[in-house]
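Inside the fold
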Amino acid sequence: MNLDLRIDISKFYLIDKRRLALVMLGLGMLIAYLGSLHPWFMWPLGELYVVPAAAFLTVSYLLSNSLPHSFFCRKGVMRAVLLAIICTTMLMVVNEANIKGMMQLPFAWMIFFTMLRIENDVLQRLATAITKTMAVILGVSFFTYILHLIGFPFPSRPAVFGDKLYSFENYYFFMVDDHVLMTILPRFSSIFLEPGHVGTATTLLLMTQLGRWKKWYNVILIIITAVTFSLAAYANLIALIFLNAWVQRKHIVGKAIAAIVFLASVVGISMNYNDGNNIINQLILLRLEVDDTTGDIAGNNRVTANFEEEFNSYMSSSDILFGRDMSKVGDDTGNSGYRVFLYENGLVCTFLVLLLYIFALSGYKDWRALTCSIILALLIFIVRGYPLWYSNFLPILAAAHTTRFLRPGPTPLP
């Protein structure tokens with residue numbers, strides 16, 4: 001028997017450029033992803049988080065392009081890249097950004113450029129890597145949050161973000177909103193600003209993982225979605241459950257019946273258990289009650305009365321083309337959703353963002369995966385109104401271009 005005992009010494013000093021380029025890509029996109037969600041440890045950077053993100057991505061792009069086969073090779077994306085440049089610039093202009101804000105634009109352009117140019121296989125791996133990272137962050141955060149609730153002492157300090165718009169007690173592994181400090185079970189927002197931000201992020205990441213929800217990291221994300229007690233996140237997750245089965249070509253009628261029976265049981269038990277004094281009834285069901293005076297759902301509080309009145313006036317004015325400053329509302333707190341985006345940015349910017357999504361999602365292989373992405377993107381835009389956050393755009397892009405469930409041969413259109 002011949003044993004080859006030679007050792008390739010070059011392995012110890014030669015750098016695998018492709019692997020290094022992938023690491024730089026992962027670091028850059030992770031910084032961009034987390035930065036758009038505003039975790040407390042990135043607050044000192046403000047919007048400047050795009051600078052290190054773009055720096056890592058630039059290194060990745062240069063390294064990849066020096067290889068025989070670059071993984072920044074997606075075809076037909078230059079229209080989307082051009083629209084991303086126009087959109088980000090127009091948003092700065094209509095919101096009258098200062099010089100500091102305008103100087104950030106080239107870094108944002110680089111992030112969108114690399115995001116749109118990544119080949120599909122690497123894009124899917126990138127989405128999974130970010131999903132695993134978020135699962136670890138949220139899992140550790142939730143574990144320490146539970147320890148806090150049962151009395152384990154954690155060091156803390158006050159934390160304020162956005163000119164006192166957000167005020168927390170920061171326990172480092174998680175934060176608790178000052179407005180709900182005395183609540184028995186505060187809604188979980190981890191290290192981020194709002195439970196809704198967390199719920200949106202988890203559902204979008206789950207959309208990139210269709211067919212793999214039994215993996216440990218996806219199970220964690222499903223649990224975290226539940227403990228945010230976010231009505232929007234619940235609605236998105238329920239929609240995603242059915243879309244998940246549909247994209248995989250599974251029968252959904254039986255699942256729909258089972259889901260309706262389960263939800264009816266939960267509602268019935270929650271409304272009657274302990275005379276309604278329980279977590280599910282207090283944090284979820286009571287927010288679904290219809291107000292007798294307004295006829296609206298109690299939890300449908302995306303905008304204030306002041307904003308709604310101002311928005312109705314705005315819709316019939318010439319300002320609708322390029323938007324108005326939120327200072328005219330007289331109340332810039334508690335407002336979110338598509339109406340806020342349209343009010344601040346106008347019809348022109350909204351149309352440009354729509355075009356960006358159309359071009360970015362073109363070239364899809366599976367029309368069901370594309371449809372799933374579009375539906376969830378619309379639901380999230382209606383409620384939250386942040387279409388260009390990297391934490392929204394990247395998962396939607398990855399999910400729309402998935403080929404995981406394609407059958408051999410061309411997929412027929414409906």
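Residues numbered from 1 in each chain as written. Predicted model: local features only at pLDDT ≥ 70, side-chain atom pairs only at ≥ 80, totals over all residues. Heavy atoms only, no water.

**Observations regarding helix 7 (residues 120-149)**
In a regular helix each residue adds 1.5 Å, so 30 residues correspond to 44 Å; helix 7 covers 43 Å between its end C-alpha atoms and thus fits that length. Immediately downstream of helix 7, the backbone of glycine 151 shows phi near 110°, a positive value. (Helix = DSSP H or I, 4+ residues; strand = E, 2+ residues; numbered from the N terminus. Expected span 1.5 Å × (residues − 1).)

**Describing empty space enclosed by the protein**
Throughout the structure, instances matching the rule amount to one cavity of 30 Å³ or more. The space that makes up the largest cavity amounts to roughly 50 Å³. For the lining of the largest cavity, the elements supplying multiple residues, two or more each, are helix 8 (195-207) and helix 16 (390-400). Ranked by the residues each element gives to the lining of the largest cavity, the list is headed by helix 8, at three residues. A per-class count over the lining of the largest cavity returns four nonpolar, four polar and one charged. (1 Å grid on protein atoms, 1.4 Å probe; cavity = no way out; pocket = protein on both sides within 12 Å on 5 of 7 lines; lining within 4 Å. Points joined across faces, edges and corners; volume = space filled by probe spheres on them. Nonpolar A, V, L, I, M, F, W, Y, C, P; charged D, E, K, R; others polar.)

**Looking at the nonpolar core**
Within soluble globular proteins, side chains that are nonpolar tend to cluster in buried spots. One finds Ile111, Met134, Tyr390 and Phe393 to be the most contacted residues of the largest nonpolar core, which totals 98 residues. Ranked by residue count, the leading element in this core is helix 7, at ten residues. Every residue in contact with methionine 134, bar those within four places of it in the chain, is listed here: Tyr33, Leu34, Leu37, Phe192, Ala201, Leu205 and Leu221. Grouped together as the second largest cluster of nonpolar side chains are ten residues, Phe307, Phe311, Ile320 and Val329 included. (Core = buried A, V, L, I, M, F, W, Y, C linked by side-chain atoms within 4.5 Å. Buried < 20%, exposed > 50% of the residue type's maximum accessible area, 1.4 Å probe, protein only. Contact = heavy atoms within 4.5 Å.)

**Quick word on a nonpolar patch on the surface**
A cluster of nonpolar residues, Val136, Val140, Tyr172, Phe173 and Trp216, forms a patch on the protein surface that exposes about 470 Å² of accessible area. Here phenylalanine 173 shows up in the loop between strand 2 (166-170) and strand 3 (175-177). Classification of phenylalanine 173 by relative accessible area gives partly exposed; the value is 40%. (Patch = residues over 30% accessible without salt bridge, like charges linked within 9 Å, V, L, I, M, F, W, Y side chains within 5 Å. Areas by Shrake-Rupley, 256 points an atom, 1.4 Å probe, with all protein chains shown as cover. Salt bridge = Lys/Arg side-chain N within 4 Å of Asp/Glu carboxyl O.)

**Some remarks on the packing of helix 13 (residues 305-314) against helix 14 (residues 338-360)**
The geometry of helix 13 relative to helix 14 is characterised by a closest axis approach of 11 Å and an angle of 50° between their N-to-C directions. Judged on the interaxial angle alone, helix 14 and helix 13 are oblique. In this structure, the crossing between helix 13 and helix 14 has a hand that is left-handed. Residues Phe307, Glu308, Glu310, Phe311 and Tyr314 of helix 13 form the contact with helix 14, whose participating residues are Arg339, Val340, Leu342, Tyr343 and Gly346. Of the residues contributing to the contact of helix 13 with helix 14, the split by class is six nonpolar, one polar and three charged. (Axes fitted to C-alpha atoms, helices over the stretch in contact; angles between N-to-C directions. Parallel < 35°, antiparallel > 145°, perpendicular 65-115°, else oblique. Left-handed = near helix turned anticlockwise from the far one by under 90°.)

**Focus on unusual backbone geometry**
Although it is not a glycine, histidine 38 sits at a positive phi angle of roughly 60°. Residue placement: histidine 38 occurs in the loop between helix 2 (17-37) and helix 3 (50-65). Non-glycine residue serine 190 carries a positive phi angle of around 55°. Note that serine 190 resides in the loop between strand 3 and helix 8. Note on serine 190: relative accessible area 0%, which makes it buried.

**Some remarks on the sheet that holds strand 2**
In spatial order, the strands read 1-2-3; together these three strands make up an open sheet with antiparallel pairing. Two strands lie at the open edges of the sheet, namely strand 1 (157-161) and strand 3, each paired on one side alone. Adjacent strand axes in the sheet meet at a mean angle of 35°, parallel and antiparallel pairs treated alike. Where strand 2 meets strand 3, three bridges bridge the pair, whose relative direction is antiparallel. Within the sheet, the bridge partner assigned to glutamate 169 lies in strand 3 and is valine 176. (Pairing = 2+ DSSP bridges.)

**Comments concerning the side chain of threonine 114**
Along the chain, the position of threonine 114 falls in helix 6 (residues 105-117). Setting aside its immediate chain neighbours within four residues, threonine 114 contacts Met29, Leu57 and Phe72.

**Regarding the confidence of the model for the chain**
As a note on interpretation, predicted positions should not be read in detail where pLDDT is low. Confidence in the prediction of the chain, expressed as mean pLDDT, is 84, and 79% of residues score 70 or more. Overall, residues 289-299 carries pLDDT values under 50, and its contacts beyond four positions in sequence, including any with other chains, amount to 13 contacts. Across residues 409-414, confidence stays below pLDDT 50; counting only partners more than four residues off in sequence or on other chains, it has eight contacts. (pLDDT = per-residue confidence, 0-100.)

**Quick word on the pattern of salt bridges**
Applying the stated criterion across every chain yields a total of seven salt bridges. A salt bridge links glutamate 308 to arginine 339, with the shortest nitrogen-to-oxygen separation between them at 3.4 Å. Residue glutamate 308 is found in helix 13, and its partner arginine 339 is found in helix 14; the two are separated by 31 residues along the sequence. With relative accessibility at 37%, the residue glutamate 308 sits in the partly exposed group. Residue arginine 324 pairs with aspartate 319 through a salt bridge whose shortest N-O separation is 2.7 Å. Among the charged side chains, a network of salt bridges with common partners joins Glu310, Asp319 and Arg324.

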